[in-house]
Amino acid sequence: MITGKNYIGNRLSGNGSKTYKTFNPVLNAENENEFVEASIEEINEAVFLATDAYIAYNQKSGAEKALFLNAIADGILALDAILIQTYCSESGLPEGRAKGERGRTIGQLRSFAALLEEGSWVDAIIDTGTPDRSPAPKPDLRKMLVPLGPVVVFGASNFPFAFSTAGGDTAAALAAGCPVIVKSHPMHAGTGELVASVVIAAAEATGMPNGVFSNLNSSGIEVGEHLVKHSDVKAVGFTGSIKGGRALFDLAAKREEPIPVFAEMGSINPVIMLPEALENRAEALANIYAGSITVGSGQFCTNPGLLLGIKSAALSSFIENLSEEIVKIEPSCMLHPNIIEAYKKNKQSAIEQSGLLVAADYGSEVNVNYAKQVVVTVEGKTFLANKSLHQEVFGPFSMVVQCEDAMELQQIISNLEGQLTGTIISDDDEIAKYPKVIAALQNRVGRIIFNGVPTGVEVCPAMQHGGPYPASTDSRFTAVGTQSIKRWVRPFSFQDWPDDLLPNELRRENPQGIKRFVNGKITDTTA
Ligand code: NAP
């Protein structure tokens, strides 16, 4: 079923001269299929078709687009074993994870479909006119959110389903009314092609225009660069490294017409362990955190890479317990030799920094491409003085910072770069004693967690997955949950526009019965 070709709209095409294969990290061997990188002509054609499809796609109602999204979800489920096998062979991730991520991906598509069926997401605001107002008539103004245009989505290495071909960014952009061109991640090009075939079949079955979706292969940065520079592309979604996200952000800003790049990048997700909680629960917390640091080989953007506490006997016991617990966990395979090489290099350069002590290092031999987990400790002042210790080590690595007192803890938090999450581990009333620490943390993160772990991102409308830079390039938006649709739209007003030419959402009769903000009040009636 895998052809190795690109989907240029509904057509399979492989005119390029550069080919590559994906890699099975568990077997430490290349997979069989060969993929053809998209040529410049194919990239341009995909963008041309997307631009053309944009008009026709937006004449489709929310209910019609919802059918399209639900058909993609059905198609992904129907592929079943072949899709799960391909995912596992291209990522080294186990079958259970593949099925869980598939469930999440399908759930995302269906939640956007439900959002479209209901319809109020367009944030309709109506201020009716007063033609006889003196000294000047008041115009009739009607505002709603409209799609930006063709969007490029970069597949993420660490989420072959949920943040790749038909993942969160794609589902949100298609729901918003934007045609999508996916720059497939080279590590899981076969998984990408299978999912793309489903998206194309769903588009054809539900009458969506050719070009509403394309899937381009690439094994280097050129395809992505060409797409971001293309004048007909209107926005970009990205999940990956700070280096990659920042390069694309800068490229987009240098265009004659700059466009937004919504990049979700690195985060070390600080966890604050308050003293009384450590005093009472050091062992249990060590157990929970050993699991959170190593889950998925630490390849999650919400991995707890930084644990902070105030020096005490309880903190020392916690470090001891964590060190004992973490080495009991069997190491697991990382996504790709490149990822494990980056892990080894970044881990080593962290360990070599002065003042760092290795508290736990999985000593035994492991299979090739499997990651050994590590916990290091450092004094608060050393951490404060050395910014390189603040960088993400993508993998099962965590650093415990031992602070002198609450003041130093607060100072360290205030000096951190922007983060996706921050966590407070506290006894019931203890948190109330640290208002400045909590305020400092809130100022640096997009989501704050009480007595939990940062790993595990619930997909729901109230989720915020995005934080101050460099966690993401625009902290006003989320990459997870239905609110992520807001990245792909812009507000648009109609003034004194004839009712029969208005979009349904703004017509006087409110035919869909959506909730609108009319003359200062929320209502679902006429206006
Ligand atoms: P990446 O290097 O950021 O690449 C992600 C995608 O962006 C790839 O498709 C890559 O294309 C493309 N890309 C990167 N730099 C580019 C540039 N300058 N111009 C155009 N396109 C560019 O991430 P990755 O391959 O997924 O993993 C590498 C490292 O990223 C990991 O070791 C980890 O440190 C980090 N990472 C972090 C997170 C997180 O959530 N925090 C998630 C995933 C990865 P090509 O592959 O075709 O070159």
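In what follows, the accompanying structure is described. Each residue is numbered by its place in its chain's sequence as written, counting from 1. Two thresholds apply to this predicted model, a pLDDT of at least 70 for residue-level local features and 80 or more for giving and counting side-chain atom pairs, whereas whole-chain, interface and lining totals are computed over all residues. The basis for every side-chain value is the complete set of heavy atoms in the structure, and neither hydrogens nor water enter the calculation.

Here's the deal with the sheet that holds strand S13 (residues 306-310)
Part 1 of the reasoning: Here the rule is simple: two strands pair whenever DSSP picks up at least two bridges between them. Runs of E in the DSSP output that reach at least two residues are strands. Runs of H or I that reach at least four are helices, and both are numbered from the N terminus. Read from one edge to the other, the open sheet built from seven strands follows the order S14-S15-S16-S13-S12-S17-S18, with strand pairing classed as mixed. Where the open sheet ends on each side, the last strands, each with one partner, are strand S14 (357-361) and strand S18 (445-450). Taking the axes of each pair of neighbouring strands and ignoring which way they run, one obtains an average angle of 20 degrees across the sheet.
Part 2 of the reasoning: As defined by bridge partners, strand S17 (residues 419-425) adjoins S18 across five bridges and the pair is classed as parallel. Opposite threonine 423, over in S18, you have isoleucine 449 as the bridge partner.
Part 3 of the reasoning: Only heavy atoms enter the contact rule, under which two residues are in contact if any of them lie within 4.5 Å. To obtain each axis, a line is fitted to C-alpha atoms, and for helices this fit is confined to the stretch in contact; angles are then taken between N-to-C directions over 0 to 180 degrees. Where helix H10 (residues 337-351) meets the sheet, it contacts S14, strand S15 (374-379) and strand S16 (397-403), and its direction lies at approximately 30 degrees from that of S15.

Some words on the site of the ligand
Part 1 of the reasoning: Contacts to the ligand come from 26 residues, most closely from Ser157, Lys183, Gly220, Ser241 and Cys301.
Part 2 of the reasoning: In the model, an oxygen atom of the ligand is placed 3.1 Å from a nitrogen or oxygen of the histidine 185 side chain.
Part 3 of the reasoning: Whenever two N or O atoms come within 3.5 Å, that pair is a polar contact, provided that in protein one can donate a hydrogen and the other can accept it, and provided that, for residues adjacent in sequence, both atoms are side-chain atoms. A distance of 3.3 Å separates a nitrogen atom of the ligand from a polar side-chain atom of glutamate 392.
Part 4 of the reasoning: Exposure was quantified through the Shrake-Rupley algorithm and a 1.4 Å probe, taking into account, for residues, occlusion by the shown protein chains and nothing else. Compared with its free state, where it exposes 870 Å², the ligand has 84% of that area covered by protein.
Part 5 of the reasoning: Put simply, the parts of the chain that give the shell around the ligand at least two residues each are helix H7 (242-254) and H10.
Part 6 of the reasoning: The element that contributes the greatest number of residues to the shell around the ligand is H7, accounting for three residues.
Part 7 of the reasoning: Along the lines of polarity and charge, the residues of the shell around the ligand split into 12 nonpolar, 10 polar and four charged. Near, as used in this document, describes a residue that has one of its heavy atoms within 4 Å of the molecule or strand being considered. Any residue outside Ala, Val, Leu, Ile, Met, Phe, Trp, Tyr, Cys, Pro, Asp, Glu, Lys and Arg is labelled polar, Gly included; the first ten of those are nonpolar and the last four are charged.

Considerations on the packing of aromatic side chains
Part 1 of the reasoning: Aromatic rings from Phe, Tyr and Trp, taking only the six-membered ring of Trp, are treated as a pair when their centres fall within 6.5 Å; an angle between ring planes under 30 degrees marks them as stacked, one over 60 as edge-to-face, and anything in between as tilted. Per the stated rule, a full pass over the model turns up 10 aromatic pairs.
Part 2 of the reasoning: When the ring of phenylalanine 159 is compared with that of phenylalanine 163, the centres are 5.7 Å apart and the planes differ by 75 degrees; the resulting orientation is edge-to-face. Exposure class is identical for phenylalanine 159 and phenylalanine 163. Each is buried.
Part 3 of the reasoning: For the pair phenylalanine 492 and phenylalanine 494, a centre-to-centre distance of 5.0 Å together with 70 degrees between the ring planes defines the contact as edge-to-face.
Part 4 of the reasoning: Only protein chains enter the accessibility calculation, which uses a 1.4 Å probe; a residue whose area is less than 20% of its type maximum is buried, one above 50% is exposed, and one in between is partly exposed. Under the relative-accessibility criterion, phenylalanine 494 is labelled buried at 14%.
Part 5 of the reasoning: Through pairs of rings, three or more aromatic residues link up here, namely Phe159, Phe163 and Phe300.
Part 6 of the reasoning: Geometrically, a lysine NZ or arginine CZ counts as sitting over a ring once it is within 6 Å of the ring centre and also within 35 degrees of the ring normal. The ring of tyrosine 57 carries the charged tip of lysine 65 above its face, separated from the ring centre by 5.4 Å.
Part 7 of the reasoning: Positioned above the aromatic ring of phenylalanine 159 is the side chain of arginine 97, whose terminal nitrogen or guanidinium carbon lies 4.9 Å from the ring centre.

Examining the pairing of S13
Along any regular strand, the residues point their side chains to alternate faces of the sheet.
Part 1 of the reasoning: Among the five residues in S13, five count as buried, and that is most of the element.
Part 2 of the reasoning: The alternating pattern of S13 places Leu306, Leu308 and Ile310 on one face and Leu307 and Gly309 on the opposite face, and all of these are buried.
Part 3 of the reasoning: Pairing between strand S12 (residues 271-273) and S13: three bridges, direction parallel. Each residue of the ladder has a partner; that of methionine 273, found in S13, is glycine 309.

Observations regarding the environment of aspartate 232
Part 1 of the reasoning: Among the structural elements, aspartate 232 can be located in the loop between helix H6 (222-229) and strand S10 (235-239).
Part 2 of the reasoning: Counting along the chain gives 70 residues from aspartate 232 to alanine 162, while the straight-line C-alpha distance between them is 26 Å.
Part 3 of the reasoning: Sequence-distant contacts of aspartate 232, that is, excluding residues within four places in its chain, are made with Val47, Thr51 and Pro150.

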